[in-house]
Amino acid sequence: MPIPPFTASHDGLRREIREFIRSEVRPHADEWERDRWFPDELFGWFAQRGYLGLKYPRSHGGAGGDYLDDAVLAEELAGCASGGVAAGIGAHIGIATPPIWKFGSDQQKRDYLEPAIRGERIAALAITEPDAGSDVASIRTFAREVDGGFLVNGAKLYITNGVRADFLVTAVKTSGEGGHHGLSFLIIERGQGVRSTKLDKLGWHASDTAEIAFEDAEVPAENLLGERDRGFYLIMANFQWERLLMALGSVAGMQAGFELTLELVGSRSVGQTTRHALAEVATTIEVGRALTYHALRLFHAGIDAVAEVTMAKLATQRAACDTAARCLEIVGLDPGTDTHLLERHLRDARLGPIGGGTDEIMKEILGKTLGL
Ligand SMILES: Cc1cc2nc3c(=O)[nH]c(=O)nc-3n(C[C@H](O)[C@H](O)[C@H](O)COP(=O)(O)OP(=O)(O)OC[C@H]3O[C@@H](n4cnc5c(N)ncnc54)[C@H](O)[C@@H]3O)c2cc1C
């Protein structure tokens with residue numbers, strides 16, 4: 001029986017995605033991790049099956065589903081054995097295209113959302129800067145109004161898909177006002193005045209995380225996304241969903257690592273210490289899943305779930321690092337066992353307490369919801 005909010009129809013979708021990931025994606029994971037890159041064509045493979053537009057309306061080329069379909073995809077992506085692949089595909093679907101769906105003009109949806117759903121154009125969301133991560137109000141990339149549009153100068157950091165993206169949904173300042181005021185979003189096409197540099201990282205090896213420099217990048221006026229100077233609301237609009245996606249991905253990632261651990265220790269007789277360690281890992285995963293599904297049910301029902309979503313993210317990200325380390329310790333005790341996938345789990349999990357708002361920021365938000 002599917003666990004609510006999922007239904008039998010989600011189970012059907014889950015089986016279909018799982019088979020696709022198992023047979024078409026996972027066999028390439030080791031090679032793509034080694035290459036520090038997965039081919040752009042992968043977006044086309046997902047698009048052919050409708051997976052890049054599950055929650056988007058049919059009128060824009062989507063599958064006409066809802067957030068729960070995307071939730072199933074986020075969980076199943078964890079089975080691809082590469083956090084980098086899940087991150088690249090996930091950023092395109094989960095954070096870069098939603099603002100165009102919610103705030104874009106019809107023309108912007110035709111020019112950017114629809115080709116993104118077809119896998120023809122790759123998207124990235126560019127908010128973070130060298131001096132503006134948790135504190136988005138410190139963004140300094142500036143878009144100066146010129147005849148017919150904007151001239152953009154500044155730098156972005158740690159942008160997923162930042163090298164391969166055809167367009168960047170970019171946070172810029174459009175006025176000299178301080179704080180959250182004067183923030184806007186522009187859809188910036190790759191091209192003259194946009195330079196990307198790929199960064200080396202601890203984990204997510206197959207994904208291209210980039211530093212991006214804008215040097216007099218020309219952006220036409222029609223690429224202003226949403227209302228000018230009100231970009232802060234656009235940033236806030238997708239945070240709950242991004243954090244839920246991260247919680248779902250972490251729970252599924254923990255489950256995958258745990259099942260692999262059971263498989264690897266399965267043939268030996270385990271002592272009480274190992275048995276108890278595995279029992280604790282299983283409990284941690286179940287706690288994370290229960291909290292995440294609770295937040296998902298509230299979110300799906302349209303109920304204000306800021307506290308629950310925040311707790312779900314906080315409870316699952318560091319837990320994924322800890323369970324990956326424990327699983328590795330358990331399996332690594334057996335000389336000669338192949339631990340490379342568990343090592344990858346551990347490396348890939350480290351982003352969780354940082355991306356989409358750090359653990360400290362989650363605690364700040366929760367403090368506020370508690371009136372502190
Ligand atoms: C692999 C990877 C992929 C990413 N992909 C993207 C992407 O696609 N698009 C994008 O825009 N960004 C992306 N990011 C950036 C990510 O969102 C930021 O790294 C994150 O928001 C934290 O910002 P920061 O790195 O500047 O750290 P900082 O904000 O400088 O934080 C440093 C430390 O200080 C703590 N801290 C900061 N403020 C407070 C506070 N008020 N109270 C208590 N503690 C605080 C933090 O918790 C952290 O421990 C990515 C990052 C990584 C590593």
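Residues numbered from 1 in each chain as written. Predicted model: local features only at pLDDT ≥ 70, side-chain atom pairs only at ≥ 80, totals over all residues. Heavy atoms only, no water.

A.B. asks: What is the right way to read the overall build of the protein chain from this model?
C.D. replies: Counting its regular elements, the protein chain contains 12 helices and 8 strands. Relative to a compact globule of 372 residues, whose C-alpha radius of gyration would be 21 Å, the protein chain shows 21 Å and is just as compact. Taken along its principal axes, the extent of the C-alpha atoms in the protein chain is 75 × 50 × 40 Å. Evaluated residue by residue, the protein chain yields a buried proportion of 51% over its 372 residues. Summarising the internal contacts of the protein chain: among those between residues at least 6 apart in sequence, 74% fall at separations of at least 24. Accessible area of the protein chain: about 16,400 Å², with a carbon and sulfur share of 52%. Taking the average place of the 39 positive charges on the side chains of the protein chain and the average place of its 52 negative ones, the gap between the two points comes to 2 Å. (Helix = DSSP H or I, 4+ residues; strand = E, 2+ residues; numbered from the N terminus. Rg over C-alpha atoms; globule rule 2.2 N^0.38 Å. Buried < 20%, exposed > 50% of the residue type's maximum accessible area, 1.4 Å probe, protein only. Contact = heavy atoms within 4.5 Å. Areas by Shrake-Rupley, 256 points an atom, 1.4 Å probe, with all protein chains shown as cover. Lys, Arg positive; Asp, Glu negative; His and termini not counted. Charge placed at Lys NZ, Arg CZ, Asp CG, Glu CD.)

A.B. asks: What should I look at first to understand the site of the ligand in this one?
C.D. replies: Residues in close proximity to the ligand total 17 residues, the closest being Thr 128, Ser 134, Tyr 158, Thr 358 and Glu 360. Burial of the ligand by the protein chains amounts to 64% of its free accessible area of 970 Å². Counting residues per element, the ones that place at least two in the shell around the ligand are β1 (123-126), β3 (149-160) and α12 (359-369). Per-element tally for the shell around the ligand: the top contributor is β3, with 3 residues. Within the shell around the ligand, the residues separate by chemical class into 9 nonpolar, 6 polar and 2 charged. Lining the shell around the ligand are residues from two domains, each supplying at least three of them: domain 2 (124-232) and domain 3 (235-369). (Near = heavy atom within 4 Å. Nonpolar A, V, L, I, M, F, W, Y, C, P; charged D, E, K, R; others polar. Domains from an automatic or database assignment.)

A.B. asks: Just checking my understanding: could you explain the packing of aromatic side chains for this structure?
C.D. replies: The description of an aromatic ring pair rests on the distance of the ring centres and on the angle between the ring planes. In this structure the tally under the stated criterion is 13 aromatic pairs. When the ring of Tyr 67 is compared with that of Trp 101, the centres are 6.1 Å apart and the planes differ by 55°; the resulting orientation is tilted. Residue Tyr 67 is located in helix α4 (residues 67-77), and its partner Trp 101 is located in helix α6 (residues 98-103); the two are separated by 34 residues in the primary sequence. Note on Tyr 67: relative accessible area 19%, which makes it buried. Plain terms: the ring middles of Trp 241 and Phe 299 are 5.4 Å apart, the flat faces sit at 20° to each other, and that makes the pair stacked. One end of the pair, Trp 241, is in helix α8 (residues 231-265); the other, Phe 299, is in helix α9 (residues 272-300), and 58 residues separate them in sequence. An aromatic cluster is defined as three or more aromatic residues linked by ring pairs; in this entry it consists of Tyr 56, Tyr 67, Trp 101, Trp 241 and Phe 299. Directly above the ring of Phe 6 sits Arg 14, whose terminal nitrogen or CZ lies 5.2 Å from the centroid. The lysine or arginine in question, Arg 164, covers the ring of Trp 37, its NZ or CZ lying 4.0 Å from the ring centre. (Phe/Tyr/Trp six-rings, centres within 6.5 Å; stacked < 30°, edge-to-face > 60°. Lys NZ or Arg CZ within 6 Å of the ring centre and 35° of its normal.)

A.B. asks: I tried to follow the nonpolar core on my own but got confused; where do I start?
C.D. replies: As a rule of thumb, nonpolar side chains are buried together in soluble globular proteins. Core analysis: the biggest nonpolar cluster contains 40 residues, and Val 25, Phe 46, Val 85 and Ile 89 have the highest contact counts within it. Mapped by element, the contributors of at least two residues to this core are α1 (8-25), α3 (41-48), α4, α5 (83-96), α8, α9 and α10 (306-332). Looking at this core, the element that brings in the most residues is α4, giving 7 residues. Excluding residues that lie within four positions of it along the chain, Val 85 makes contacts with Val 25, Trp 32, Phe 38, Leu 42, Cys 80 and Ala 206. Formed by 26 residues, the second largest nonpolar core is a distinct cluster that contains Tyr 56, Val 136, Val 169 and Ala 171. (Core = buried A, V, L, I, M, F, W, Y, C linked by side-chain atoms within 4.5 Å.)

A.B. asks: Help me understand the side chain of Thr 310, please; the structure alone is not making it clear to me.
C.D. replies: By the element assignment, Thr 310 lies in helix α10. If near-sequence neighbours (up to four positions away) are discounted, Thr 310 is found in contact with Met 362, Ile 365 and Leu 366.

A.B. asks: Looking at this structure, how should I read the packing of α9 against α10?
C.D. replies: How two helices pack is summed up by the angle between their axes together with the distance between the axes. The contact between α9 and α10 brings their axes to 9 Å, and the two run at 160°. If you check the angle between α9 and α10, you find them roughly antiparallel. As α9 packs across α10, the resulting crossing turns out to be left-handed. On α10, the residues that touch Thr 274, Ala 277, Leu 278, Glu 280, Val 281, Thr 284, Gly 288, Leu 291, Thr 292, His 294, Ala 295 and Leu 298 of α9 are Glu 308, Val 309, Met 311, Ala 312, Ala 315, Thr 316, Ala 319, Thr 323, Arg 326, Cys 327 and Ile 330. In terms of residue class, the contact of α9 with α10 is built from 13 nonpolar, 7 polar and 3 charged. (Axes fitted to C-alpha atoms, helices over the stretch in contact; angles between N-to-C directions. Parallel < 35°, antiparallel > 145°, perpendicular 65-115°, else oblique. Left-handed = near helix turned anticlockwise from the far one by under 90°.)

A.B. asks: Is there a simple way to explain the domain arrangement of the protein chain in this structure?
C.D. replies: One frequently used descriptor of interface size is the decrease in accessible area upon assembly of the parts. What the domain assignment reports for the protein chain is domain 1 (8-122), domain 2 (124-232) and domain 3 (235-369). For domain 1 and domain 3, the distance between their C-alpha centroids amounts to 22 Å. Between domain 1 and domain 3, the residue contacts involve 23 residues of the former and 19 residues of the latter. Around 1,600 Å² of area is buried between domain 1 and domain 3 when both sides are counted, 62% of it from carbon and sulfur atoms. Among the residues of domain 1 in contact with domain 3, Tyr 67, Leu 68 and Glu 75 are the three that bury the most area, contributing 29% of the side total. The interface formed by domain 1 and domain 3 contains 2 salt bridges. The salt bridge partner of Arg 344 is Asp 30, with a shortest N-O separation of 2.8 Å. (Buried area = accessible area lost by both parts, 1.4 Å probe. Salt bridge = Lys/Arg side-chain N within 4 Å of Asp/Glu carboxyl O.)

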